[in-house]
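Examination of the molecular architecture
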Amino acid sequence: MEKPLKFKEIVMPYPNPENTYTDYDRKLQPKMVFESEDLIKFYLTHRKELIEKTIKKCEEYLNADDWMEEETFPRIKDLTGEWYLASVTVRKQDKEIVVQLYLHFLGYYPKGCARKEIDDYLGMEAWFDYDPVQKKFSFDGFNTDAI
């Protein structure tokens, strides 16, 4: 039985000075929303850890046999394995810090389709809560969508 691909990050080359939504066609760097300057530093300090945890959770989610079936979305065989960071939001909520990372995964499309042969396919938005007392992230879940 097929298993999910190992994912590879694509770093988008173009600055996003208007801080708008990005897609594979425009190749803009992620939209970044931070409630304060100290949260930018917080994110940069924890970026690598957050990305690694997010990809691990994506792999676990997509490893389910359900995604191997022909009539499901997403289908593992339609994924290229490449992804990019589309947006980051970091804010304080009560005594915790909430981090939202929205990743776009690329997929294959059939020739003759209105889309390019490789284009945006799956969006996965991961939510984390950070407890500053325990200095620990907890995964809060996913939102997924077809893009």
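Residues numbered from 1 in each chain as written. Predicted model: local features only at pLDDT ≥ 70, side-chain atom pairs only at ≥ 80, totals over all residues. Heavy atoms only, no water.

**Overview of helix α1 (residues 37-62)**
Helix length check: α1, at 26 residues, gives a terminal C-alpha distance of 35 Å against a target of 38 Å (1.5 Å per residue), a fit within 8%. The largest bend in α1 is about 60 degrees, located at H46. Among all positions of α1, only L39, F42, Y43, H46, L50, I51, T54, I55, C58 and L62 are buried. Against β2 (31-34), β3 (79-93), β4 (96-108), β5 (118-131) and β6 (136-146) lie the buried residues of α1. (Helix = DSSP H or I, 4+ residues; strand = E, 2+ residues; numbered from the N terminus. Expected span 1.5 Å × (residues − 1). Bend = angle between axes of the 7 residues up to and from the residue. Buried < 20%, exposed > 50% of the residue type's maximum accessible area, 1.4 Å probe, protein only. Contact = heavy atoms within 4.5 Å.)

**Here we look at the environment of P30**
As for its placement among the helices and strands, P30 is situated in the loop between β1 (8-9) and β2. Distance from P30 to L103, taken between C-alpha atoms, is 9.4 Å for residues 73 residues apart in sequence. If sequence neighbours within four positions are ignored, P30 has contacts with N16, N19, L85, A86 and S87.

**Regarding the pattern of salt bridges**
Considering all chains together, one arrives at 10 salt bridges under this definition. One salt bridge connects K116 with D25, and the closest N-O pair in it is separated by 2.9 Å. Placement of K116 in the loop between β4 and β5 and of D25 in the loop between β1 and β2 is noted, with a sequence separation of 91 residues between them. Take K116: its relative accessible area is 37%, and that puts it in the partly exposed class. Between E49 and K53 there is a salt bridge, with the nearest N and O atoms lying 3.6 Å from each other. Within this pair, E49 and its partner K53 are both found in helix α1, separated by 4 residues, close to a single helical turn. Take E49: its relative accessible area is 32%, and that puts it in the partly exposed class. When salt bridges that share partners are traced, they join K56, K57 and E60 into one network. (Salt bridge = Lys/Arg side-chain N within 4 Å of Asp/Glu carboxyl O.)

**Let's talk about the environment of P15**
Looking at the element boundaries, P15 is found in the loop between β1 and β2. P15 sits in the exposed class, given a relative accessible area of 54%. The spatial distance from the C-alpha of P15 to the C-alpha of E49 is 23 Å, given a sequence separation of 34 residues.

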